[in-house]
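Single-letter residue listing:
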Amino acid sequence: MKRTFLSIYTLALAAGLFCALPACKKGYLDINQTDPNLTQRPPINGLLVATTYQSAINVYSTGYITSYYVQQLASPNTGSGSDIYDDVDRSANWRAVYLNVTDIRQMKQLAVSQRAYEHLGVADILEALNMSMVIDLYGDAPYKEAWSEGENLRPAYDGAKAIYDSCLSLIDQGIAALNLPDPLVALDPVNDLVHGGNKAAWIKTAYALKARLLNRKSKLPDYDPAAVLAALELAYDSNADDAQITRFESLSPWNSVAKNNASGTLDGWLSATFVNALNGTTYGVADPRLPLITDLTRFGDYRGTVNGVGRTGSGTDNSQCALSVNGFYSRGGAPLLMLTYAEMKFIESEASFAANKAGSYQAYLDGIAAHMDKLGVAPAAKQAYVSNPVVAVGQAAFTKDLLFKEKYVATFLQPETWTDARRYDYKYKNFQLPQGALLNTFIRRVGYPTSETSRNPENVPPVGSLTDHLWWDK
């Protein structure tokens, strides 16, 4: 039986997540609008709005997982699975990404048939973004056979390195498509939720994603810092270029977390590791970004929750810090960040560290300043921080430890922070295993979801331990 757009594999995934995704809601995200005949023939701009939205939501849901592993978040409950490295089932995250790539591939087919080259370019970039998150969590994954036509409920797994290479190829193809002349259908500024139909902005995002992925190989012999820097030259120039969405069906995701916590459904608590890194305890300098993320406790200070230990108070007595309903990341309408200029400056700092220490140090300072500007830190407070001798150590004393420490703050709640933690071997100051950890060392990967192990057991690769290193983490 031949199917248009959808493989039987992704239909099976959809059965486990039917209308649990934001794209299933009615409103401007309803790709089929009001015509039931469009079920298998969604309009190209409907797919544009759905895939840009869901890609950002996938960044959020992936970051929600990884932020516990890097101890930016902590559970208010003792022995929570994400805190203590339990093999938590991640089926919802897996399904959401694969179903979104299904929509992305539908958009590609329509783009080719309609000569909508700009849509084609965006689709390639979004597929690379989504699949790069899959392989960064799980390693090997279905790819070539996941969207093949026919009755294949059990697709073979491709090597993570091969998918990574495909992601880089997709980025290059996306850039080439965006540069093709005379598209018959241009990007729609209303339905492109990331860049508002701005082709040049998408090209910058493609190069930003390319720089991120090339930098992922920093521990390998074939790491090429010159290639990273070349991609950065064509990526972001300022915070105004950031890939983010600010339009939502209802609440922005982290705002929903903060509001739920404020109403008694406990969530979004900050780890003591993260809070202590910013409140002066760990590094001896108070970071002015902390008040723009969370609120003072009832004790008049900032204190986090130790991962694995859980809350010390009642949970509703403001004894520990959580995401604030007024904070930059979690206020109403807060932007949902995908790739940022600040991240690019830290990538530049790392890639140039060996060959150009002066440029590396300046990029480090620029990354801090860019993130502070993004959050709205007052100019005087920003200047006081970046000139503090703990931060402004000078070129000669500048180390990668400082670089990774500041990038850890600037990529708060981002999935890429876990990539950095593994590339850095978790060497952040005072970073300890969570209390009651089920592993004897830091977590390096996520286990395959039960949606795969139950339906496709003959193809799911064996996982010896969640301490197994992925291919780039050697």
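Going by the structure above, here's the rest.
Residue positions are given per chain, counted from 1 along the sequence in the order it is written. For a predicted model such as this one, the threshold for reporting local features is a pLDDT of at least 70, and the threshold for listing and counting side-chain atom pairs is 80 or more; totals across whole chains, interfaces and linings nevertheless cover every residue. Note that the side-chain values use all heavy atoms of the structure and ignore hydrogens as well as water.

Draft legend 1. Representation of the environment of Lys382 in the model. By the criteria applied, helices consist of DSSP H or I runs no shorter than four residues and strands consist of E runs no shorter than two, each listed in order from the N terminus. You can see Lys382 is positioned in helix α12 (residues 379–386). Those residues in contact with Lys382 that sit more than four places away from it in its chain are Ala369, Met372, Asp373 and Val377. A polar contact of 3.0 Å, which involves the side chain of Lys382, links it to the side chain of Asp373. Contacts are residue-level and defined by heavy atoms, with any inter-residue pair within 4.5 Å sufficient. Here a polar contact means two N or O atoms within 3.5 Å. Within protein one must be a hydrogen donor candidate and the other an acceptor candidate, and residues neighboring in sequence count only if both atoms are side-chain atoms.

Draft legend 2. A look at helix α3 (residues 91–114). The span one expects for a helix is its residue count, reduced by one, times 1.5 Å. Given a rise of 1.5 Å per residue, 24 residues ought to cover 34 Å, and the 35 Å separating the end C-alpha atoms of α3 matches this to within 8%. Only protein chains enter the accessibility calculation, which uses a 1.4 Å probe. A residue is then buried if its area is under 20% of the maximum for its type, exposed if over 50%, and partly exposed in between. Burial runs high along α3: 18 of the 24 residues are buried. Count one or two residues on from α3 and you reach Arg115, which has phi positive near 55 degrees.

Draft legend 3. Local environment of the side chain of Ser271. Here Ser271 shows up in the loop between α8 (253–262) and α9 (272–278). Of the residues examined, Ser271 reaches a relative accessible area of 0% and is grouped as buried. One polar contact links the side chain of Ser271 to the main-chain amide nitrogen of Thr273, over a distance of 3.1 Å. Not counting residues up to four positions away in its chain, the partners in contact with Ser271 are Gln71, Gln72, Leu73, Ala74, Gly304, Thr305 and Asn307.

Draft legend 4. Representation of the environment of Glu249 in the model. With respect to the element layout, Glu249 can be found in the loop between β3 (243–245) and α8. Along the sequence, Glu249 and Tyr53 sit 196 residues apart, while their C-alpha atoms lie 9.7 Å from each other.

Draft legend 5. Structural view of the pattern of salt bridges. The term salt bridge refers to a side-chain nitrogen of Lys or Arg lying within 4 Å of a carboxyl oxygen of Asp or Glu. Evaluated as defined, the whole model comprises 30 salt bridges. One salt bridge in this structure joins Arg105 and Glu127, with 2.9 Å as the shortest N-O distance. Here the residue Arg105 occupies a position in helix α3, and Glu127 occupies one in helix α4 (residues 117–138), the gap between them amounting to 22 residues. Classification of Glu127 as buried rests on a relative accessible area of 0%. Close ionic contact of Glu452 with Arg455 constitutes a salt bridge, the shortest N to O distance being 3.0 Å. One exposure class covers both Glu452 and Arg455, and it is buried. If you follow the salt bridges from partner to partner, you end up with Asp136, Arg212, Arg216, Glu343, Glu416 and Arg422 in one network.

Draft legend 6. Quick peek at the packing of helix α6 (residues 199–215) against helix α10 (residues 341–352). The convention used is that axes are lines fitted to C-alpha atoms, helices contributing only their stretch in contact, and that angles between N-to-C directions extend from 0 to 180 degrees. Direction vectors running N to C along α6 and α10 enclose 40 degrees, while the axes themselves pass 10 Å from each other. When the interaxial angle is binned, α6 and α10 end up oblique. You can see that α6 and α10 cross each other, and the crossing is left-handed. Facing α6, whose interface residues are Ala208, Ala211, Arg212 and Asn215, α10 presents Glu343, Met344, Ile347, Glu350 and Ala351. Residues were grouped as follows: Ala, Val, Leu, Ile, Met, Phe, Trp, Tyr, Cys and Pro as nonpolar; Asp, Glu, Lys and Arg as charged; and all remaining residues, including Gly, as polar. The residue makeup of the contact of α6 with α10, split by class, is 5 nonpolar, 1 polar and 3 charged. Any angle that falls under 35 degrees is termed roughly parallel, while one over 145 is termed roughly antiparallel, one within 65 to 115 roughly perpendicular, and all others oblique. We call a crossing left-handed when the near helix sits turned anticlockwise from the far one by less than a right angle, and right-handed when that turn is clockwise.

Draft legend 7. Here's a closer look at unusual backbone geometry. Phi at Gln71 is positive, roughly 55 degrees, even though this residue is not glycine. Within the secondary structure, Gln71 sits in the loop between α2 (44–69) and α3. The residue Asp425 is not glycine, and still its phi comes out positive at about 55 degrees. Take Asp425: it is sitting in the loop between α14 (416–423) and α15 (450–453). According to the relative accessible area criterion, Asp425 is partly exposed, its value standing at 35%.

Draft legend 8. Layout of the packing of aromatic side chains. The criterion for an aromatic pair is that two Phe, Tyr or Trp rings (for Trp, the six-membered ring) have centres within 6.5 Å, with stacked assigned to planes under 30 degrees apart, edge-to-face to planes over 60 apart and tilted to the rest. Inspection of the entire model under this criterion finds 30 aromatic pairs. On the basis of an interplanar angle of 65 degrees and a centroid distance of 4.9 Å, the ring pair of Tyr164 and Trp471 is categorised as edge-to-face. In this pair, Tyr164 is assigned in helix α5 (residues 160–178) and Trp471 in the segment after α15, connecting sequence segments 307 residues apart. The buried category is assigned to Tyr164, whose relative accessible area is 1%. Relative accessible area serves as the criterion here: at 19%, Trp471 is assigned to the buried category. An aromatic cluster of three or more residues is present, and its members are Phe274, Phe328, Tyr329, Phe404, Tyr408, Phe412, Tyr424, Tyr426, Tyr428, Phe431 and Phe442. A ring is considered to have a charge above it if a Lys NZ or an Arg CZ atom is located within 6 Å of its centre and within 35 degrees of its normal. Directly above the aromatic system of Tyr143 lies the positively charged group of Arg105, at a separation of 5.4 Å from the ring centroid. Between the NZ or CZ atom of Lys405 and the centre of the ring of Tyr283, over which it lies, the distance is 4.7 Å.

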